[in-house]
Amino acid sequence: MWLVVLLALSIVFIVLATTKLKMHPFLALLLTAFGFGILSGMPLKDVVDSVNKGFGGTIGYIGIVILAGAIIGAFLEKSGGAYRLATSILKLTGERQVPLAMGFMGYVVSIPVFCDSAFVLLAPLMRALASKAGITLASAAVALSLGLYATHTMVPPTPGPVAAAGILGADLGLVIMWGMAVGLVSMIAGWLFAILVASRVYISPDAGKKANADSASAPLVSAQEDGPSVTRSLLPIFLPIILIVTRSIGELPSKPFGEAGAFTEVLGFLGQPVVALLIGVALAMTLPKRFDKEMLSMTGWVGEAIVGAATIIIITGAGGAFGKVLQNSGIANVIGGALSDANLGIWLPFLIAAGIKTAQGSSTVAIITTAGLLAPLLATLGLDSDTHRALVVIAIGAGAMVVSHANDSYFWVVTQFSGMDVKTGYKLQTVGTLVQGLTAAVAVYLVSSVVL
């Protein structure tokens, strides 16, 4: 019973430390790992060993993958490739289907680019399309924000899902495959929310213009003229995804590509997440119209991407350390027995992530913390197969959408760049993320019921 109480206190401490005390999540998670280990009665040497092994093992698995994904995102954004992708999607959907176009833009662009910066990048296009189509900016903004959220929380190489996969030992190819499918369902739910609910709230297409003028990272004309082609822009995103997913399919028990041989060996190498993402990095470096070696420097595009990714990596490592301490404390047997009787199944990761996300605001922190909590429980809960682990990652991502409100930086990006006041933001962005997260959770549940 003491371990259960201690776990509850640990979660409360993480939430209060990151919200009220403004403590960095790395410190909050690391202090919690040590505190839980010591107070649970573990030998002090085992506490230190657990923290070191959990931190190092997690970073060793996903560190390079997160860094490579961040570099691909930086080159895609700064070269104009992300904007070129957005305009090509618009041609497919038609200018009259602005919310649908914005939803698909978000779904594609947020796979490598953080949703906050992607929203800023696409806000001028969103505003121009809403004005041309004569519709309220609210529907375009909500469709874009929810489309971005769909892949941001569920599809690698976005850091949160990558981190959860590393902590839970999930196959990255399966996470990508199921994440894209469930993400598409949740994106459609977001689009429907935008056209059925947000469209009833009128916001002028000129609203939020000042915020964007101060923060837009690249002129639209330059992006249109100098940006890479659509095919070149897609390659750094989808070639690594195809390689990783193909490797995962090839390693299924049915061996669809045959037994061990030269082909399967090469495929197994190229489909390793580290190798596939590094191939994506090489392709991303061909995107700028004029390549400058300064882009590779510590102060250039690569340097900026690495600095941004470093924070995610150390938070992920601290989450892994916390998870390892929990695992070695023996709490899995205690909680696993109780929760297995409750029969929550795949809903458990969703509910935990949703509670942590709503309380402290950061989707990434919610994903990493929840993955650390669940890592030692999967076997006891009967969620230990490869497919189970992948779906647990997706369920955690669905929970990490619920809900975006005032303690979430993304909430303020969306409201400020689309001219929403706080009340309207709660009505559209907060309720929209609730609808989208619940839809994704139901989709994961249905998938688990069919394939498991």
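Just above, that's the structure.
Notes on the structure in this doc start here. All of these numbers come straight from a predicted model, not from anything done at the bench. What you see as residue numbers is a count from 1 along each chain, following the sequence as written. In view of the model being predicted, local features appear only for residues whose pLDDT reaches at least 70, and side-chain atom pairs are presented and counted only at 80 or more, with totals across whole chains, interfaces and linings using the full set of residues. Heavy atoms from the whole structure form the basis of all side-chain values; hydrogens and water molecules are not counted.

Structural notes on the overall build of the chain
To keep things clear, this is the line we draw: Think of it this way: any DSSP run of H or I at least four residues long counts as a helix, any run of E at least two long counts as a strand, and we number them from the N terminus. Our radius of gyration is a C-alpha quantity, and the globule rule it is checked against amounts to 2.2 Å times the number of residues to the power 0.38. Relative accessibility under 20% of the residue-type maximum defines a buried residue, over 50% an exposed one, and the middle range a partly exposed one, all with a 1.4 Å probe and only protein chains included. Whether two residues are in contact is decided by their heavy atoms: any pair within 4.5 Å suffices. Only the protein chains shown count as cover for residues, and the accessible areas themselves come from Shrake-Rupley with a 1.4 Å probe.
A tally of helices and strands in the chain yields 22 helices and zero strands. Taken over the C-alpha trace, the chain has a radius of gyration of 21 Å; the compact-globule value for 452 residues is 22 Å, and the two agree within 12%. The 452 residues of the chain split such that 57% are buried. Of all intrachain contacts in the chain linking residues separated by at least 6 positions in sequence, the fraction that spans at least 24 positions is 82%. Of the roughly 17,800 Å² of accessible surface on the chain, 67% is carried by carbon and sulfur atoms.

Thoughts on the pattern of salt bridges
Let me state the cut-off plainly: Any Lys or Arg side-chain nitrogen located within 4 Å of an Asp or Glu carboxyl oxygen qualifies as a salt bridge.
In the structure shown here, the tally under the stated rule is four salt bridges. The residue Lys357 makes a salt bridge to Asp408 at a minimum N-O spacing of 2.9 Å. Residue Lys357 is found in helix α17 (residues 347-360), and its partner Asp408 is found in the loop between α20 (386-399) and α21 (409-417); the two are separated by 51 residues along the sequence. By the burial criterion, Lys357 is buried, and Asp408 matches it.

Some words on the side chain of Ser448
Selection criterion: The term polar contact refers here to a pair of N or O atoms within 3.5 Å; inside protein, the definition further demands a hydrogen-donor-capable atom paired with an acceptor-capable atom, and it admits residues adjacent in sequence only when both atoms are side-chain atoms.
Here Ser448 lies in helix α22 (residues 422-451). Separated by 2.7 Å, the side chain of Ser448 and the backbone oxygen of Tyr445 make a polar contact. Other than its neighbours up to four places away in sequence, Ser448 contacts Ile346 and Leu391.

Focus on the packing of aromatic side chains
Working definition: an aromatic ring pair is given by the centre-to-centre distance plus the angle between the planes. Here is the rule: Aromatic pairing here means that ring centres of Phe, Tyr or Trp (its six-membered ring) are within 6.5 Å. Orientation follows from the plane angle: under 30 degrees is stacked, over 60 is edge-to-face, and everything else is tilted.
Inspection of every chain in the model, using the stated rule, returns nine aromatic pairs. By the ring-pair criterion, three or more aromatic residues cluster together here, those being Phe119, Tyr149 and Tyr410.

Things to note about the side chain of Thr151
In this fold, Thr151 is placed in helix α7 (residues 137-152). Note on Thr151: relative accessible area 0%, which makes it buried. A distance of 3.0 Å separates a polar atom in the side chain of Thr151 from the backbone oxygen of Tyr107.

Topic: a nonpolar patch on the surface
Spelled out, the test is: Like-charged residues within 9 Å of one another, or nonpolar side chains (Val, Leu, Ile, Met, Phe, Trp, Tyr) within 5 Å, are grouped into patches, provided each residue has over 30% relative accessible area and no salt bridge.
Taken together, the side chains of Met1, Trp2, Val4, Val5, Leu9, Phe34, Ile38, Leu39, Leu44 and Val48 make up a nonpolar region of the molecular surface, amounting to roughly 950 Å² of accessible area. Of all the secondary structure elements, the ones that give two or more residues to the nonpolar patch are α1 (2-19), α2 (25-39) and α3 (44-78). Top element by residues in the nonpolar patch is α1. It accounts for four residues. Tracing the chain through its elements places Leu44 in helix α3. Classification of Leu44 by relative accessible area gives exposed; the value is 57%.

Regarding the environment of Ala140
Inspection of the secondary structure puts Ala140 in helix α7. The buried category is assigned to Ala140, whose relative accessible area is 0%. When near neighbours in sequence (up to four residues on either side) are disregarded, Ala140 contacts Val98, Met102, Met126 and Ala130.

Some details on the nonpolar core
Quick note on the threshold: As used in this record, nonpolar core signifies buried Ala, Val, Leu, Ile, Met, Phe, Trp, Tyr and Cys residues forming a set joined through side-chain atoms within 4.5 Å.
In terms of nonpolar packing, the biggest core is built from 145 residues, with Phe36, Met102, Met105, Phe119, Met126 and Phe322 touching the most fellow members. Contact partners of Phe322, with chain neighbours within four places excluded, come to Leu7, Ser10, Ile14, Leu29, Thr32, Ala33, Phe36 and Leu373.

Comments concerning α7
What counts is decided by this rule: Under the convention used throughout, the expected extent of a helix is 1.5 Å for every residue step, that is, one less than its residue count.
An ideal rise of 1.5 Å per residue puts 22 Å on 16 residues; α7 measures up with 22 Å between its terminal C-alpha atoms. A large share of α7 lies buried, amounting to 16 of its 16 residues. The backbone nitrogen of Ala138 lies 3.1 Å from a side-chain oxygen of the residue at the head of α7, namely Thr136.

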